[in-house]
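Architecture and fold: a report
Now for the letters of each chain:
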Amino acid sequence: MNVVWLKRDLRIDDHAPLAEAARGSIEDGVPMVALYVFEPEVWNAPDADGSHLAFVVESLAELEIELAARGARLLRRFGEVTEVLERLSREIPIDALLAHEETGNAATYARDLRVARWCRRNGVRFREYRQHGVFRPNPGRDGWAARWETHMRVARVTAPERFVSPDEGAVAAGDAGLWQELGLGDDTRAALRQRGGSREAAAHLRSFLLVRGRDYRTTMGSPVLAWESCSRLSPHLAWGTMSVRRAYQGARRRLGELAELEHTGAIARDDLLAWNGSIRSMLSRLSWHCHFIQKLEDEPAIESSCMARATESLRADGDPVVAAERLAAWREGRTGYPMIDACMRALVATGWINFRMRAMLVSFASHHLWLDWRTFAPWLGRQFLDYEPGIHYPQVQMQSATTGINTHLLAAQAGRGS
Ligand SMILES: Cc1cc2nc3c(=O)[nH]c(=O)nc-3n(C[C@H](O)[C@H](O)[C@H](O)COP(=O)(O)OP(=O)(O)OC[C@H]3O[C@@H](n4cnc5c(N)ncnc54)[C@H](O)[C@@H]3O)c2cc1C
């Protein structure tokens, strides 16, 4: 049996491991199952949230229907991945484990190493596929943008039409329901957050490219207008209900349609300029998505250490009691600064706020409240429904001026010391 191990890739379209398993089952007669493991170690970490889990559960429910329509089974198991694989391989021997590469946090990195070791020891082929335009290993900064562009332009992997499953009863149904014991608490954002699933993702992409996105370039910074004018694809890209490549190719296609409309004189000049500018801005951001994840992929230590080592103890001089009070006020939206408090409350209630306001919230915490980014980064990650460690940590560090780029802080520190 081949096992497709699903993680942050909860879709059927543009999914190389599923396509490979379908090929194996049709051409070589090797049955396959899709497996999602609810890992206590991952879900009990300080950066995981009940809203993330609820989004995943919704996405899995939709994916299960898509897979079943094509003859495949989705197993939901609970536990440490190698133990789950061990148990599964006793039910039916595993030939290959097929998965996407994941650039996650330190816990998922350690778990991937354990899985690779388990596969080697048990004679299971472990095949990993690139999911985003993130390169492992990264041949270097030079040429990265061209490699990214090439990856995005390659035709998407078509959703398989048919899979072959193991005989009924050969594999247990799974530990459905056990994930509720993960102890993550309620999905406190349930009423106002975005919903999971690839259908939602496709609807967001479509409405952005055809209706909502016209003024994106000029309104994305507005804490009022951005809710509607931004693509809102981020949770879908983070949990993989849509591939970045699909978003990229949809946006490129729309640029082609706009050129056609211009050619036939069927679009007003203002509309054309607005749409072209907005879609190009969105395409740049899709490349930033992978650019930032590549940073964490290349330097995993930035989850816990300052990128610029000289800033490591920059904020170590404060009174811990005062720092704890400030942190609580910031988290609860009661700093007394109306703009900060309104943005924080909106984020906590919905799981989303636009880029500029995220930057402002972090900048305020780091500079005005003089909090070390490590004291709030995991908690902040929990608030974002689109939590993506590879974007989150480099961004938090950038807004906290610990990347070595905003050197005025170093100058300020030197000034204070003298
Ligand atoms: C402190 C801080 C933390 C952040 N943490 C995350 C995070 O955990 N997950 C996350 O997806 N984004 C994060 N961002 C980036 C950005 O704020 C969100 O991607 C964006 O607001 C999501 O909304 P959207 O999908 O409507 O984006 P759009 O503006 O419509 O952009 C389309 C896509 O491009 C990508 N993107 C957009 N802006 C950025 C950016 N500045 N850097 C990298 N990729 C970008 C996202 O995948 C996004 O879905 C963070 C930004 C800051 C300042």
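Being a predicted model, the structure only gives us computed values, none of them experimental.

Parameters at a glance
- Sequence order sets the numbering: in each chain, residues are counted from 1 along the sequence as written.
- Residues qualify for local features only when their pLDDT is at least 70, as the model is predicted, and side-chain atom pairs are given and counted only at 80 or more; totals for whole chains, interfaces and linings, by contrast, use all residues.
- Paired strands, as defined in this entry, are two strands with at least two bridges between them according to DSSP.
- By definition, any uninterrupted DSSP run of H or I lasting at least four residues is a helix, any uninterrupted run of E lasting at least two residues is a strand, and each is numbered from the N terminus.
- The convention used is that axes are lines fitted to C-alpha atoms, helices contributing only their stretch in contact, and that angles between N-to-C directions extend from 0 to 180 degrees.
- The criterion for a residue being near a molecule or strand is a backbone-placed C-beta atom within 6 Å of that molecule or strand.
- Residue polarity follows a fixed list, in which Ala, Val, Leu, Ile, Met, Phe, Trp, Tyr, Cys and Pro are nonpolar, Asp, Glu, Lys and Arg are charged, and the others, Gly among them, are polar.
- Start and end points for every domain follow an automatic or database-based domain assignment.
- We call two residues in contact when their backbone-placed C-beta atoms lie within 7 Å.
- Take the number of residues in a helix, subtract one, and multiply by 1.5 Å to get its expected span.
- Here a residue counts as buried when 20 or more other C-beta atoms sit within 10 Å of its C-beta, as exposed when there are 12 or fewer, and as partly exposed otherwise, the C-beta atoms being derived from the backbone.
- The handedness rule is simple: strands pointing away from the viewer, and a clockwise path from the first strand over the helix to the second, make the crossover right-handed.

Here we have five strands laid out as an open sheet, ordered 3-2-1-4-5, and parallel in their pairing. Edge positions in the sheet fall to strand 3 (74-78) and strand 5 (125-129), since each of these pairs with one other strand and no more. Averaged over neighbouring strand pairs, the angle between their axes works out to 25° when direction is ignored.

Around the ligand, the surrounding shell holds 28 residues, and the nearest of these are Cys-230, Ser-231, Ser-234, Arg-285 and Phe-355. Those elements that place two or more of their residues in the shell around the ligand are helix 10 (234-239), helix 12 (269-298), helix 15 (355-368) and helix 17 (389-399). When residues in the shell around the ligand are grouped by element, the largest group, six residues, is from helix 12. Here the shell around the ligand is built from residues that sort into 16 nonpolar, seven polar and five charged. Built from parts of two domains, the shell around the ligand gets at least three residues from each of domain 2 (198-299) and domain 3 (302-417).

Among the structural elements, Trp-227 can be located in helix 9 (residues 226-229). With 127 residues separating them in the primary sequence, Trp-227 and Asn-354 have C-alpha atoms 7.3 Å apart.

The next point concerns the domain arrangement of the protein. According to the domain assignment, the protein contains domain 1 (2-137 + 156-182), domain 2 (198-299) and domain 3 (302-417). Its C-alpha centre places domain 1 at a distance of 29 Å from the equivalent point of domain 2. Each partner contributes to the interface: domain 1 provides 17 residues, whereas domain 2 provides 18 residues. When its residues are assigned to classes, the side of domain 1 that touches domain 2 shows five nonpolar, four polar and eight charged.

Moving on to helix 11 (residues 244-263). Along its 20 residues, helix 11 runs 29 Å from first to last C-alpha, staying within 8% of the 28 Å computed at 1.5 Å per residue. For helix 11, the set of buried residues is Val-244, Arg-245, Arg-246, Ala-247, Tyr-248, Ala-251 and Arg-254. Positive backbone phi, approximately 70°, marks Gly-265, located one or two places after helix 11.

A separate point is the pairing of strand 2 (residues 32-38). Within strand 2, seven of the seven residues are buried, leaving the element largely enclosed by the surrounding structure. Pairing analysis gives five bridges linking strand 1 (residues 2-6) to strand 2, with the strands arranged parallel. Within strand 2, the residue paired with Asn-2 across the bridge is Met-32. For the segment spanning strand 1, helix 1 (residues 16-27) and strand 2, crossover handedness is right-handed. Pairing of strand 2 with strand 3 involves five bridges; the strand directions are parallel. Bridging from a neighbouring strand, Leu-35 pairs with Leu-75 of strand 3.

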